[in-house]
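Here are the chains, one letter per residue:
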Protein chains: 2
Amino acid sequence: MRLSHYFLKTSKTVPDNDKIVSSKLLKQGDFIRESSAGRYYILPIGQKVQQKIMSIIKQEMDAAGCQEMVSPILHPLKLWQETNRTNTIGFELMRVKDRRNTEFVLGGTAEEMFVDLVRQYKLSYRDLPFNLYQFSPKFRDELRARGGLLRVREFIMKDAYSFHRNKEDFKIEYEKMKKVYTKIFKRLGLETYIVESDNGYIGGEYCHEFIVESKVGESKFFISESGKYAAHEDVALFKKEIKNKSEKPKQLIKVIAKRGPKMQDGVKLHKLPLWQQIKDVVFVDKKNRYILAIIRGDFDVNEVKLKNILKVTSLRHASNEEIKKDIQSEPGFISPVGIKDKLNKKTKLIIVADDSLRTVVNSYGGSNEKNKDLLNVNIDRDYKPDIEGDIALAKAGYQSIDNSGKLVEKQGIEVGNIFQLGYHYSSKMKGAVYVDADGKEKLLYMGCYGIGIGRTMAAIVEKHNDKKGIIWPKIVSPFQIHLIALNNVKDKADKLYEKLTKMKIDTLYDDRDKTAGEKFADADLIGIPIRIVISKKTLKQNAFEIKIRKELNTKLISCKRINSILKIV
Amino acid sequence: MRLSHYFLKTSKTVPDNDKIVSSKLLKQGDFIRESSAGRYYILPIGQKVQQKIMSIIKQEMDAAGCQEMVSPILHPLKLWQETNRTNTIGFELMRVKDRRNTEFVLGGTAEEMFVDLVRQYKLSYRDLPFNLYQFSPKFRDELRARGGLLRVREFIMKDAYSFHRNKEDFKIEYEKMKKVYTKIFKRLGLETYIVESDNGYIGGEYCHEFIVESKVGESKFFISESGKYAAHEDVALFKKEIKNKSEKPKQLIKVIAKRGPKMQDGVKLHKLPLWQQIKDVVFVDKKNRYILAIIRGDFDVNEVKLKNILKVTSLRHASNEEIKKDIQSEPGFISPVGIKDKLNKKTKLIIVADDSLRTVVNSYGGSNEKNKDLLNVNIDRDYKPDIEGDIALAKAGYQSIDNSGKLVEKQGIEVGNIFQLGYHYSSKMKGAVYVDADGKEKLLYMGCYGIGIGRTMAAIVEKHNDKKGIIWPKIVSPFQIHLIALNNVKDKADKLYEKLTKMKIDTLYDDRDKTAGEKFADADLIGIPIRIVISKKTLKQNAFEIKIRKELNTKLISCKRINSILKIV
């Protein structure tokens, strides 16, 4: 492609003074351009990269026996109502009505569409398993778009849906897809962590994110020192060491406690360790139920875990007014002890206790009265939680749950994810069954698997760049060679370009009327792995100059050797 | 691909008892399946065909110097307001709001998006021309979906947009795209007519449809006997032969005419030829203006031509009540003579005369009074049209405008179209300019070019089938070979399948537990060009049986010759 004819204009600056490297470089190199916020044109040179990424994904998905198809983009709303995702979904679903007032959803993921397809077939156990995938535009009405392609409102996703006879059969596919994804990302130049994470609005029991480590990523996760355990902050488990369990429970007493509302105020006043204090946090759910979450004083409440244990999709913090009026307690002095006796009649309160409260005896904390604290509070004896489990937030340095060392905090870009769905969809959508060997209809067991194409492109740029620009891995580079012609050697350069084209080497040929400096800067910015320069100087030696983008040195190569150029470099 | 593992189940019937062959066969062969009306899943075997079609299109577009990219699917509504297409568009645009209440359009075509992109670059004349294209989902809220993929509400379109310095430069591209399209369709097994047609909501001055002749198509068009002239019914021109022009104009007279309201009633009563009578048709536009369209009695009014000459997007017939009350005339006795003198004060009436009225003198017709006719009506002397031009509907047998013989009526499927847009968009969208050699900013001159992928697939099936099923042209066939294993030769068949796979021959292997009859019927239905059967019988002769889908005979080929199988057939 002759750059003089290519729809590509690099720029030295980006309009919004972008700080995120991939966003900046992709915009400066004219790979992408924003239309409305979070919705991008993928420009010709960007589209070449996007297609190469999709092609690698397709190769590996096909090799794993998956089958490509495509579903409509407008999903009948009634399907989403069957699974209740119109209510459970966190981000705003985009809806559209047709002229007959039928409502549709602009798909963010397509579980309902694939289940609705599959249930129209009278499937037998012999037809199982299968894994159907598509590359298709997805829509997420994100509150904030950010970082170029890192968080957008419209993007192409490779989404796959697998259907199985049972859990055991699904497990085989799930493990296979872990390997397939790892290989895909590796081929694309990305090392990924496979990280346990939260299912969120997708549903199901467990899932994993594929995360590329990066400071600009939005995913915070932990890995254990040995690397065996990896989990997203939302779900990470850790060991809660036993504290003073050998102590005898003492009598519950109420004491005057003129102190501030902070945890440290309690520590100072009573001269007792933080871990012995009870931390109380009050939330409100969508049904206006109050949730009192209690946890050992040295831990924090993990809201995702709390939501999951409560099976709710959103929570907010209660205000001080609500605590006083509805719960009849006192901010800073809340206690699970006796709290249910004082409630306003209409108030519904659920006490959720973290299991860390079983590692201490004789805890202390508020009394639901201002400036009065309780000492020697003990679970079961003094209060009874409605729900007990793990609602604790993991932190760096905590012991990994599997004894594989301390947790190390990481940050990264989620480029893919895989989900166990189990019976989550097939139990809600009538007819999502197969006929088993015993002649009985049984629910389909499902999984799903996604890769965001644009975000993957951004992740590649985040990992492969230097100060001057992008350094594309060969496999996704938009062109194989960047050919630059300098000062009045146009004829020779044209011939070389034609030769390379005949050799089916995809070449970007900078034949523009620009300075050497401008051409070199653009070549570095665009990031094609091999740069060839032809000039009067090189032609004197009957040679051209070659430079590998990621290396510093250039070398001269005899014009004769052009036929084996790809082998030389 | 082993059919036993493939997501494909053929069926003997189609649910809605489809009469359109392509719809029936594509559904029975499990290439497509309807989701909501007019929105289809393209199933794995259909997706293979769709991708092959897109790949051929891409090859030819790239070879012609066009550049692939992709624009967002959600178009900011404000862009469509700039061009006023929110008002001019015939079909209902689908609109969607995001959580911030910003409105978007689900694109049916993407002119505004590409102009909005291009105007952000400071283009110079040196950057021109260029042609940008994309494959992307398009949405049309059609009143009726029909015929499987023939008329749908959601489909993938290849849409291209070219930008030029001027008309002359555009013309070169337009003629080039005619050739490119012809070649694309020819490679896909489709002979196309290039037919002048109406621009409709796209705008611009002229355009051409690429039509595959077919009885199930919705496009009615004419070609002249010599084949030189081809035009859609909406725009077809023809020669209006001179009638009695040599006669002297006689005096206008009003006569009693107790007759019915039909044209033939006048002919009978006055014993004068039909062509001498004036045909009057009254329409109403969106602004409630009345339009009196008048034409020679032997012709009919072409509503598309009438709309274009009036520059309106929709018209409806006036009711008898409206004619009586607002126009103060009489249905069946309408006349242009003196009609404007009688109008209700608030009524606005525009008289549009077809130029055929210049081929006659001493016409006759109504008088705006019941049971009274006027004889010897002459244009200019007795009435003055506000607009005069061609508003006549062409019919088979009429003389082609270019003297290339009589018009022959044809029907077909519109698979592609190309449009001159000229300054239609650049004059409406501010900043759609380039800097010319003289340093001045000038408007971009544009064209656009579309191909519907699904409809092309349907057209291929319409042209390539027999009673038993589809007969795919090799180039778009989902697989190269359909391998069938019969009665207990599974081991040998498996080996043959593995051998073909190693040879990179894409094979659909029917390894299912079905009868020979069922397997043969499915092979014929699915329509892969080469069928290979391996059975006990063939193996006795150390051979396999080969059959070309479109031929009747089978032949035995020695197993040894498998290596050159694609050359043999």
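Please read these numbers as outputs of a predicted model, since none were measured by experiment. Going along each chain's sequence as written, the residues are numbered from 1 onward. Working convention: letters from A go to chains and numbers from 1 go to ligands, in the order in which they are written. Under the rules for a predicted model, residues below a pLDDT of 70 receive no local features and side-chain atom pairs below 80 are neither given nor counted, while totals for whole chains, interfaces and linings still include all residues.

Quick look at the overall build of chain A now. In terms of regular secondary structure, chain A is built from 15 helices and 32 strands. Along the longest, intermediate and shortest principal axes, the C-alpha atoms of chain A span 95 × 65 × 50 Å. For chain A, the proportion of its 569 residues judged to be buried stands at 46%. In chain A, the proportion of contacts linking residues at least 24 apart, taken out of those at least 6 apart, comes to 71%. By the criteria applied, helices consist of DSSP H or I runs no shorter than four residues and strands consist of E runs no shorter than two, each listed in order from the N terminus. Put plainly, a residue is buried at 20 or more neighbouring C-beta atoms within 10 Å of its own, exposed at 12 or fewer, and partly exposed in between, counting only other residues' C-beta atoms, which are placed from the backbone. We call two residues in contact when the distance between their C-beta atoms, placed using the backbone, is within 7 Å.

Residues and elements named next belong to chain B. Two elements in contact, helix 2 (residues 44-63) and helix 6 (residues 167-187), have axes separated by 10 Å at closest approach and are oriented at 150°. It follows from the interaxial angle that helix 2 and helix 6 lie roughly antiparallel. The element helix 2 and its partner helix 6 pack so that their crossing is right-handed. Every residue of helix 6 that contacts helix 2 at Ile56, Ile57, Glu60 and Met61 is listed here: Val180, Lys183, Ile184 and Arg187. A class-by-class count of the residues in the contact of helix 2 with helix 6 yields five nonpolar, no polar and three charged. Axis definition: a line fitted to C-alpha atoms, over the contacting stretch in the case of helices. Angles run 0 to 180 degrees between N-to-C directions. Here roughly perpendicular refers to angles of 65 to 115 degrees, roughly parallel to angles under 35, roughly antiparallel to angles over 145, and oblique to all remaining angles. Handedness of a helix crossing follows the sense of rotation of the near helix relative to the far helix, less than a right angle counterclockwise being left-handed and clockwise being right-handed. When residues are grouped by polarity, Ala, Val, Leu, Ile, Met, Phe, Trp, Tyr, Cys and Pro land in nonpolar, Asp, Glu, Lys and Arg in charged, and all others, Gly among them, in polar.

Our focus in this paragraph is the relation of the copies chain B and chain A. Our superposition of the copies is a least-squares fit, built on the C-alpha atoms of residues whose pLDDT is at least 70 in both. For the pair chain B and chain A, the best superposition has an RMSD of 0.1 Å and corresponds to a rotation of 180° with a translation of 0.0 Å parallel to the axis. Seen this way, the second copy is the image of the first under a two-fold rotation axis. Among all C-alpha atoms of chain B, that of Val96 of chain B lies closest to the rotation axis, at 2.7 Å. When the interface residues of chain B are mapped onto chain A, 100% of them again fall at the interface, so both copies present the same face.

We now examine the confidence of the model for chain A. On average, residues of chain A carry a pLDDT of 95, and 99% of them reach 70 or more. Both scores are available for the predicted complex, with the pTM at 0.94 and the ipTM at 0.93. pLDDT runs from 0 to 100 and stands for how confident the predictor is about each residue.

With that settled, consider the sheet that holds strand 14 (residues 253-256) of chain B. Residue and element names in this part refer to chain B. Pairing is antiparallel across the open sheet formed by three strands, whose spatial order is 14-20-19. Edge positions in the sheet fall to strand 14 and strand 19 (363-366), since each has one partner strand and no second. In this sheet, adjacent strand axes meet at a mean angle of 25° when their direction is disregarded. Summarising the sheet, strand 19 and strand 20 (residues 372-377) pair through three bridges and their orientation is antiparallel. Note that in strand 20 the partner of Gly366 across the bridge is Asp373. In short, DSSP must find at least two bridges between two strands for them to pair.

Residue and element names in this part refer to chain A. Where burial is concerned, most of helix 1 (residues 21-28) is hidden: seven out of the eight residues are buried. Taken together, the buried positions of helix 1 are occupied by Val21, Ser22, Ser23, Lys24, Leu25, Leu26 and Lys27. The secondary structure elements touched by the buried residues of helix 1 are strand 1 (32-34), helix 2 (44-63), helix 11 (453-463), strand 26 (465-466), strand 27 (469-470) and helix 13 (516-526). Where helix 1 ends, the next residue or the one after it, Asp30, has phi of about 65°, a positive value.

Right, let's get into the nonpolar core. Most often, soluble globular proteins have nonpolar side chains that are buried together. Counting residues in hydrophobic clusters, the biggest one holds 244 residues, and the most contacted among them are Leu43, Leu483 and Ile532 of chain A together with Leu43 and Leu483 of chain B. Beyond its immediate chain neighbours, meaning those up to four positions away, Leu43 of chain A contacts Phe7, Leu8, Asp30, Phe31, Ile32 and Arg33 of chain A together with Met69 of chain B. Think of a nonpolar core as buried Ala, Val, Leu, Ile, Met, Phe, Trp, Tyr and Cys residues chained together by C-beta atoms that fall within 7 Å.

Turning to the domain arrangement of chain A, a few remarks are in order. It is common to report an interface's size as the accessible area lost on association of the parts. How far each domain reaches was decided by an automatic or database domain assignment. As far as domains go, chain A holds domain 1 (7-233 + 408-461), domain 2 (253-389) and domain 3 (479-568). The distance between the C-alpha centroids of domain 2 of chain A and domain 3 of chain A comes to 69 Å.

Residues and elements named next belong to chain B. The element helix 5 (residues 111-118) is extensively covered by neighbouring structure, given that seven of its eight residues are classed as buried. Every buried residue of helix 5 is accounted for by Glu111, Glu112, Met113, Phe114, Val115, Asp116 and Val118. On its buried face, helix 5 is in contact with strand 4 (74-76), helix 3 (77-82), strand 7 (123-124), strand 8 (130-139), strand 9 (154-164) and strand 25 (445-452).

Moving on, we come to the sheet that holds strand 15 (residues 278-285) of chain A. All names here are of chain A. With mixed pairing, the five strands of this open sheet are ordered in space as 17-15-16-18-21. What marks the edges here is a single partner per strand, and that holds for strand 17 (315-317) and strand 21 (387-389). Within this sheet the neighbouring strands show an average axis-to-axis angle of 30°, counted without direction. Relative to strand 18 (residues 349-354), strand 16 (residues 290-296) runs parallel, the two being bridged by five bridges. Bridge pairing in strand 18 links Ala293 to Val352.

Next up on the list: the environment of Tyr201 of chain A. Note on placement: Tyr201 of chain A falls in the loop between strand 10 (193-197) and strand 11 (207-213). For Tyr201 of chain A, a count of 15 C-beta atoms within 10 Å puts it in the partly exposed group.

Now for the packing of helix 1 of chain A against helix 11 of chain A. Residue and element names in this part refer to chain A. At a minimum axis separation of 8 Å, helix 1 and helix 11 run at an interaxial angle of 100°. The orientation of helix 1 relative to helix 11 falls into the category roughly perpendicular. Mapping the contact onto sequence places Val21, Ser22, Leu25 and Leu26 in helix 1 and Ala458, Val461 and Glu462 in helix 11. For the contact of helix 1 with helix 11, a count of residues per class yields five nonpolar, one polar and one charged.

It is worth spelling out the pairing of strand 15 of chain A at this point. Residues and elements named next belong to chain A. As paired elements, strand 15 and strand 16 share seven bridges and run antiparallel to each other. Bridge assignment links Lys279 to a residue of strand 16, and that residue is Ile295. Where strand 15 folds back on strand 16, the antiparallel hairpin that results is connected by four residues, among which Asn288 adopts a positive phi of roughly 65°. Relative to strand 17, strand 15 runs antiparallel, the two sharing three bridges. By the bridge assignment for strand 17, Val284 is matched with Arg316.

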